Amino acid sequence: MSDCIFCKIARRDIPSEIAYEDDEILAFKDIQPLAPVHLVIIPKIHLRNLNDVTSEHEQLLGHLFGVIPRLAKEFGVAETGYRVVTNNGTDGGQVVGHLHVHLLGGQALNAAIG
Ligand code: 5GP
Ligand code: ZN
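What this report covers is the structure whose coordinates are included nearby. Nothing here was measured: the structure is a model prediction, and the numbers come from that model.

Attention shifts here to the site of ligand 1. Around ligand 1 sit 15 residues in total, of which Lys29, Asp30, Val95, His100 and His102 are the nearest. Here a nitrogen atom of ligand 1 sits 3.3 Å away from a polar atom, N or O, in the main chain of Ile31. The protein chains hide 84% of the 520 Å² of surface that ligand 1 would expose on its own. For the shell around ligand 1, the elements supplying multiple residues, two or more each, are α1 (5-10) and β2 (25-29). Among the elements that line the shell around ligand 1, the one with the most residues is α1, at three residues.

Following this line, the structure appears as C-alpha cells:
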C-alpha cells in the first residue's frame, strides 16, 4: 500500500525508532507514546485490521505475538506488567489502517477497558 503510514515505515520511507525487525514483522516506538514504554508491532504485509485476517495468517500472527514477551523483557516491563491492545475500526479507535498491536507499560495503566 503506497499511501499507508505503516507500510511506509516498514519500507523506511518514514523514519522510526525500530525496536525489532525480521522478515515478517516490525516493532517501533510510537511517535506519541501513551506510556513510558509504547511500542507498535506490525506485520509487514498490509492488513487493514483483524477483519482481514484469515487462516493463512495464523503463523504470522503467532509469530508476532511470540515476539511480544521478548520485547517486554528488553524494554523492562515483563515483570512489572504491560498491556497489549489492537484497535479495530472506527469504534475501536483505530486511526492507522494497517493492522498493529500496541505494547504499553512502564507505569500502572488505567484499568478501564472501554
Ligand atoms: P491506532 O489509534 O490506529 O490504534 O494507533 C496508531 C498509532 O500510531 C498511534 O498511537 C500513533 O501515535 C502512532 N503513529 C501514527 N503515525 C506514526 C508515525 O509516523 N510514526 C510512529 N512511530 N507512530 C505513529
Ligand atoms: Zn500498510
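There is more to say, and it comes next.
Another aspect to go through is the coordination of the zinc ion (ligand 2). For the zinc ion (ligand 2), every protein donor is listed as Cys4 (SG), Cys7 (SG), His46 (ND1) and His98 (ND1), and the spread of their distances is 2.0 to 2.3 Å. Here the zinc ion (ligand 2) is ringed by four donor atoms whose angles at the metal span 106 to 117°, and the overall shape comes out tetrahedral. If you list the donors of the zinc ion (ligand 2) from N- to C-terminus, the spacing comes out as C-x2-C-x38-H-x51-H. One end of the pair, Cys7, is in helix α1; the other, His98, is in the loop between β4 (82-85) and β5 (101-105), with 91 residues separating them in the sequence. Using a relative accessible area of 0% as the deciding quantity, one classes His98 as buried.

What counts, and where the lines are drawn
- Residues numbered from 1 in each chain as written.
- Chains lettered and ligands numbered in written order.
- Predicted model: local features only at pLDDT ≥ 70, side-chain atom pairs only at ≥ 80, totals over all residues.
- Heavy atoms only, no water.
- Near = heavy atom within 4 Å.
- Polar contact = N/O pair within 3.5 Å; in protein donor to acceptor, adjacent residues only side chain to side chain.
- Areas by Shrake-Rupley, 256 points an atom, 1.4 Å probe, with all protein chains shown as cover.
- Helix = DSSP H or I, 4+ residues; strand = E, 2+ residues; numbered from the N terminus.
- Donors = N, O, S within 2.8 Å, 3.2 Å for Na, K, Ca; no water.
- Tetrahedral: all angles 85-135°; square planar, octahedral: opposite > 155°, others 65-115°.
- Buried < 20%, exposed > 50% of the residue type's maximum accessible area, 1.4 Å probe, protein only.

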